[in-house]
Each structure stands twice: as structure tokens, then as C-alpha cells.
Amino acid sequence: MKLLRKIRIAVTAPVLGFVFINVTVHAVGESYPLVYVGKGNEITYLTDMDHSDVYEVKEGDTLWEIAGEQMGDGKSYLELAEINSDLIKDPNLILPGMMLQMPSSGVRLKGESGYKWEGYYRFAHPVGWTVGYLDVGETYANFNLSGDGLENIACLVQDKDSAMMRNTGDWENCCEQIRNYAQEQYPDSVEDLAFRHYQTEDGEDVYLYSYTYKIDLAAYGMEGSIPINVCMGIHLTEHMQAQFLGLSSDTEIQNQVLYTAGTFKELGKPQTSLAESSNMAIGPVYSWELAGMFNPFTWVEQFYDELMREILDIPKEQTLKEKFLEGPRGN
């Protein structure tokens, strides 16, 4: 095991001003999975299932004219045909009444960045990000993507879980359960909870939810709070479920998690369980009603509690996990 680098985090507080802490990120040696650079011509298209823009083909329309009017360039007609390949078999033949999905109803993810390849799956990481593991106190992610400052995406790839399928199968109800959990357990520290649902060209579902977590400085003898942007991305393939937990002081983390989760691709069914062969884990793990889905709320709370205590050199009287086991959030 060798040290890759240290992330230097600046934390502002009314009393302390700027406080810096080094959070260690490690990388393994030669046995680490291959990281390679994409050719730059691989594009994944995600349809936004929540905000779908469609165009109804009218008598006399041509795909070239529709592309010119709706996309600004008639030469984009082949792209439009590809997006609607389930309807359009011949770009020169479209019929009145066809409801065409327009590019504005989705997101294009171009594979220009590095790829992480594990034999049975791969996914892209944001340009310039490094791969290693993250640990602060008892919280850790042993496969972590790191950008500048406090930009991190903790990765978790597992066998597809039937409980996950039940939860996401009724996404609206799943969102409501997450809302209720956040309101009941974190009424003062979780804000701006939002949800998105995308679908790949292969019909695979990609789910995202994001929120702002406020670190209450009163718990550390200070005034004010520090906002942290959190985003959870989930991609379900035929045999796998990939979960990506993003943390940052910048809202751009939502796009970075979408990019990473959206480019996840299953390359073949594992011969053995991923639970036995994968080196990915995020811990500690906290249970909640949504079995099969990683609970980011309590993990994020513990991560930043550990981080603040390390910054301020405050001894822990009791770990958050011990409090959690006593009852809901220790109450």
C-alpha cells in the first residue's frame, strides 16, 4: 500500500477562520485494477424520465427539418434517429403521429475521462480525478474517487438485490420514504432534498437524489453551520447494482455523480458473487427501511463528525454507531 496524496480541506467557522486538515487518500500498488483513458467517442445517452420533451411528427415533416428546427442543425438527424431507434428504422421514413424523444429530454455522457475497469463492469470518473480509498476515524470508503478539495465519490458495486428492485420499482414511493426518513431523523440538518430518474438506451434505470447537509457548529462549541452538498447515484443493470455517494462543497457534485453512475456498464455476469470478489465497501453501514440501498444520511453525519473532531482535536465520548444502535439517532 502506498500513499497517493493528501487532500487539504479548508473549513470556515466564525471563531476559527480557516482551519486546514489533511484527509489521507491511499492508492494500492501494481495489483490495482486497470485505469485507462477512453477514446473520446463513446457516448452514453440518458433519458430524463421526469422531464420528457417530445415532438409529434406532422404531415410533410422530415427528420432533417425536425433536427434543424429543434436541435439547430439538420445534420443532427442521425443522432435524433438513434435516440428514437425504437420507432425509426429508416431515417428517411417517419410517419405522422410519431412521438419523438428530443435530446433536451436527456443527458449525453461522453467518455473522455479515465475509466475504471474491473473485468465484469466499468464506469468513467470525472476528468483529473484520482482513485484510492478514503478514511477518517471509523468512516471509510475503500474505493473512492477524489477531485480537488473535498470532492469525493465513494463507490459501491454489488450483486443486484431483490429489495433494491422492490424499492426502486416504485420510485415515487421510494422517494417518499426517503423524504420521511430525512424529515424524521434530520429535520434541522438536511435541506433541499431532490430526486431524479434517468434511463439508459438499454433500458437500465439510473436514480439520483441529492440534498444539503448542514454541519451544526454548536456541537463543537462554535456558532453557525457549514453546508455540504451530498448526492447519491444508483445504476441498476441486469445483474448488478452500483451506488455512488458524492460529497462536495460545490453543487457540481450532482453532475459528477450522474456522470459516474450514468457511464456504469455491466460487461458480463460474474462467475461468482461480487460480494466475494469485489474490493468495494463503504462503512459503517446503517440499516433503514429501504433494505438493499445504502443509507447515506447517517454515514455522512458520522463522516463529518469524525472530520470535525479531528480538525478540532476533540475526543469522542461515544461513536455515532454506538448511539445509533441505542435507537433512532440515539434518542
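Rules of the game
- Residues numbered from 1 in each chain as written.
- Predicted model: local features only at pLDDT ≥ 70, side-chain atom pairs only at ≥ 80, totals over all residues.
- Heavy atoms only, no water.
- Helix = DSSP H or I, 4+ residues; strand = E, 2+ residues; numbered from the N terminus.
- Buried < 20%, exposed > 50% of the residue type's maximum accessible area, 1.4 Å probe, protein only.
- Contact = heavy atoms within 4.5 Å.
- Areas by Shrake-Rupley, 256 points an atom, 1.4 Å probe, with all protein chains shown as cover.
- Core = buried A, V, L, I, M, F, W, Y, C linked by side-chain atoms within 4.5 Å.
- Pairing = 2+ DSSP bridges.

**What to know about the overall build of the protein chain**
Piece 1. Within the protein chain, the regular secondary structure consists of eight helices and 18 strands.
Piece 2. Looking at the protein chain as a whole, 50% of its 331 residues are labelled buried.
Piece 3. Contacts in the protein chain between residues far apart in sequence, at least 24 positions, make up 65% of those at least 6 positions apart.
Piece 4. Of the roughly 16300 Å² that the protein chain leaves accessible, carbon and sulfur atoms contribute 47%.

**Regarding the nonpolar core**
Piece 1. By size, the foremost hydrophobic cluster in this structure holds 45 residues, and its most contacted members are F297 and Y304.
Piece 2. Elements with a contribution of two residues or more to this core: β10 (130-136), β12 (152-159), α4 (171-185), β13 (190-200), β14 (205-216), β15 (225-236), β16 (240-248) and α7 (296-312).
Piece 3. Counting residues per element, this core draws most heavily on α7, which supplies eight residues.
Piece 4. Beyond its immediate stretch of four places on either side in the chain, Y304 contacts L150, Y213, I215, Y220, I228 and L247.
Piece 5. Of all hydrophobic cores here, the second largest spans 27 residues; its members include L46, V131, I153 and M240.

**A few points about the environment of L93**
Piece 1. By secondary structure assignment, the location of L93 is in the loop between α2 (77-83) and β6 (99-101).
Piece 2. Here the alpha-carbon distance between L93 and L63, two residues 30 residues apart in the chain, equals 8.3 Å.

**A few points about the pairing of β13**
Piece 1. The sheet contact formed by strand β4 (residues 43-48) and β13 spans three bridges and is antiparallel. Across the sheet, D48 pairs through a bridge with Y198, a residue of β13.
Piece 2. As defined by bridge partners, β13 adjoins β14 across eight bridges and the pair is classed as antiparallel. Note on β14: the bridge partner recorded for H197 is Y207.

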